[in-house]
Amino acid sequence: MPYFMLTAAMAVIVLASNILVQFPVSGFIGNVALGDILTWGAFTYPVAFLVTDMTNRAFGPNMARRVVFSGFIVAVLASFIVPPLLYQLGLIGFETEFARLQRIAIASGLAFLGGQLLDVTLFNKLREAMWWKAPIIGSLFGSALDTVLFFSLAFAAAFTIIGPVDPFASGAAPLLGVYAIELPRWISWAAGDFGVKLIIAAIALVPYRLFMDRLGFWQAQVKT
């Protein structure tokens, strides 16, 4: 039962992120257009690292890898089905062409596998260190790899072989919305996404610590 629950949680997180990454955050902070820095997917995807780390701590790296692979397969398949369905139901205001769905799914899948499996590997190597080191270091390097792979594969002109370019993502915008130098908007999205991942990784230490305390209590109960 835990395996199926964890797989379902992972699939929901990645599916939601695949949809929300297509929606830039609206509004301004001062003169900075948030749409030049962030998409809504930046706030949901980092939770996947928390699920992976909790699974690794409770059930070991083999189970964590199974959850990663299963969640990846379910989420990528659903990424082709759910967005068109949401459009037909009137829940999102635009229809994403199949080629774009394909590119987002491929980019998300490869980034997810690379980032999550690196997190599993580093977490397992550090699991006997101080309680916070394994999740922080695993999430840090896993997030960096995930961000580079996803945003370059999903939006960079160099990878049009896997799908068409998104005009808004590839349009010129001030770096991080404030610097005079202009680069494709997706580069600022990537930088903003990585920053949010680091913040959420730090915040996630709170539920992770509570989980560890509860896990220790359960293990003590089993021994007695």
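In the block above lies the structure referred to throughout.
In this text the structure is predicted, and so the values were computed from the model without any measurement.

Caption draft 1: Region of interest: the pattern of salt bridges. Applying the stated rule across the entire model yields four salt bridges. Across the pair D193 and K197 runs a salt bridge, and its minimum N-O distance is 2.9 Å. With a gap of four residues between them, D193 and K197 both fall in helix α8 (residues 185–203), about one helical turn apart. The exposure class assigned to D193 is buried, which follows from its relative accessible area of 5%. Residue classification places K197 among the buried positions, given a relative accessible area of 2%.

Caption draft 2: Local environment of the environment of A64. Mapping A64 onto the fold places it in helix α4 (residues 61–88). Residues A64 and T52, spaced 12 residues apart in sequence, show a C-alpha to C-alpha distance of 5.9 Å.

Caption draft 3: Summary view of the packing of helix α1 (residues 2–20) against helix α5 (residues 98–126). Contact pair α1 / α5: the axes reach a minimum separation of 11 Å and the direction vectors enclose 135°. Here α1 is positioned oblique relative to α5, judged by the angle of their axes. Taken as a pair, α1 and α5 cross one another with a handedness that is right-handed. Touching M10, V14 and N18 of α1 are I104, S108, F112 and Q116, all from α5. Across the contact of α1 with α5, the residue classes tally to four nonpolar, three polar and no charged.

Caption draft 4: View of α4. The terminal C-alpha atoms of α4 lie 40 Å apart, and with 28 residues this matches the ideal 40 Å at 1.5 Å per residue to within 8%. By the largest-angle criterion, S79 marks the main kink of α4, which is about 40°, and a proline, P83, follows within four residues.

Caption draft 5: Spotlight on the packing of aromatic side chains. Under the defined criterion, the tally for this structure stands at 12 aromatic pairs. Relative to Y208, the ring of W131 lies with its centre 6.4 Å away and its plane at 15°, an arrangement referred to as stacked. Pair noted here: W131 is in the loop between α5 and α6 (133–155) and Y208 is in helix α9 (residues 205–223), with a separation of 77 residues, a long-range link. For W131, a relative accessible area of 27% puts it in the partly exposed group. Among the aromatic residues, ring-to-ring pairing joins F150, F151, F155, F168 and W189 into one connected group. Cation over ring: R209 sits above W131, and NZ or CZ is 5.0 Å from the ring centre.

Caption draft 6: Main features of the side chain of R57. Its place among the elements puts R57 in helix α3 (residues 47–59). No salt bridge forms around the buried R57; measuring N to O, its nearest opposite-charge neighbour E128 is 5.3 Å away. Setting aside anything within four residues of it in sequence, one finds R57 in contact with F123, R127, Y208, F211, M212 and L215.

Caption draft 7: Broad picture of the side chain of T147. Relative to the assigned elements, T147 resides in helix α6. A polar side-chain atom of T147 sits 3.1 Å from a polar atom in the side chain of D193. For T147, the contacting residues outside a window of four places in its chain are A190, D193, F194 and K197.

Cut-offs used in this document
Here the residue numbering is sequential within each chain, running from 1 through the sequence in written order. Given that this is a predicted model, residues contribute local features only at a pLDDT of at least 70 and side-chain atom pairs are listed and counted only at 80 or more, while totals for whole chains, interfaces and linings are drawn from all residues. Here the side-chain values reflect all heavy atoms present in the structure, with hydrogen atoms and water set aside. What makes a salt bridge here is a side-chain nitrogen of Lys or Arg within 4 Å of a carboxyl oxygen of Asp or Glu, nothing more. A run of DSSP states H or I qualifies as a helix once it reaches four residues; a run of E qualifies as a strand once it reaches two. Both are numbered from the N-terminal end. For every residue, the accessible area (1.4 Å probe, protein chains only) is compared with the maximum for its type, and the residue is labelled buried under 20%, exposed over 50%, or partly exposed between those bounds. Lines fitted to C-alpha atoms define the axes here, with helix axes fitted over just the stretch in contact, and angles between the N-to-C directions of these axes take values from 0 to 180 degrees. In what follows, roughly perpendicular refers to angles from 65 to 115 degrees, roughly parallel to angles under 35, roughly antiparallel to angles over 145, and oblique to any angle outside these ranges. Crossing chirality is assigned from the near helix's rotation relative to the far helix, an anticlockwise turn below a right angle marking it left-handed and a clockwise turn marking it right-handed. In this description, contact between two residues means that some pair of their heavy atoms is separated by no more than 4.5 Å. Under the scheme applied here, ten amino acids are nonpolar (Ala, Val, Leu, Ile, Met, Phe, Trp, Tyr, Cys and Pro), four are charged (Asp, Glu, Lys and Arg), and all others, including Gly, are polar. Here, expected helix span is obtained from the residue count minus one, scaled by 1.5 Å. One axis is fitted to the seven residues ending at the residue and one to the seven starting there. The bend at that residue is the angle between these axes. Whether two aromatic rings pair depends on their centres lying within 6.5 Å, for rings of Phe, Tyr and Trp, where Trp uses its six-membered ring; planes under 30 degrees apart make the pair stacked, over 60 edge-to-face, and the rest tilted. In this scheme, Lys NZ or Arg CZ marks a charge over a ring once it lies within 6 Å of the ring centre and within 35 degrees of the ring normal. Under the convention used here, Asp and Glu are negative, Lys and Arg are positive, and both His and the chain ends fall outside the count. A 3.5 Å cut-off defines polar contacts: any pair of N or O atoms within that distance qualifies, except that in protein one atom must be a possible hydrogen donor and the other a possible acceptor, and neighbouring residues in sequence count only when both atoms are side-chain atoms.

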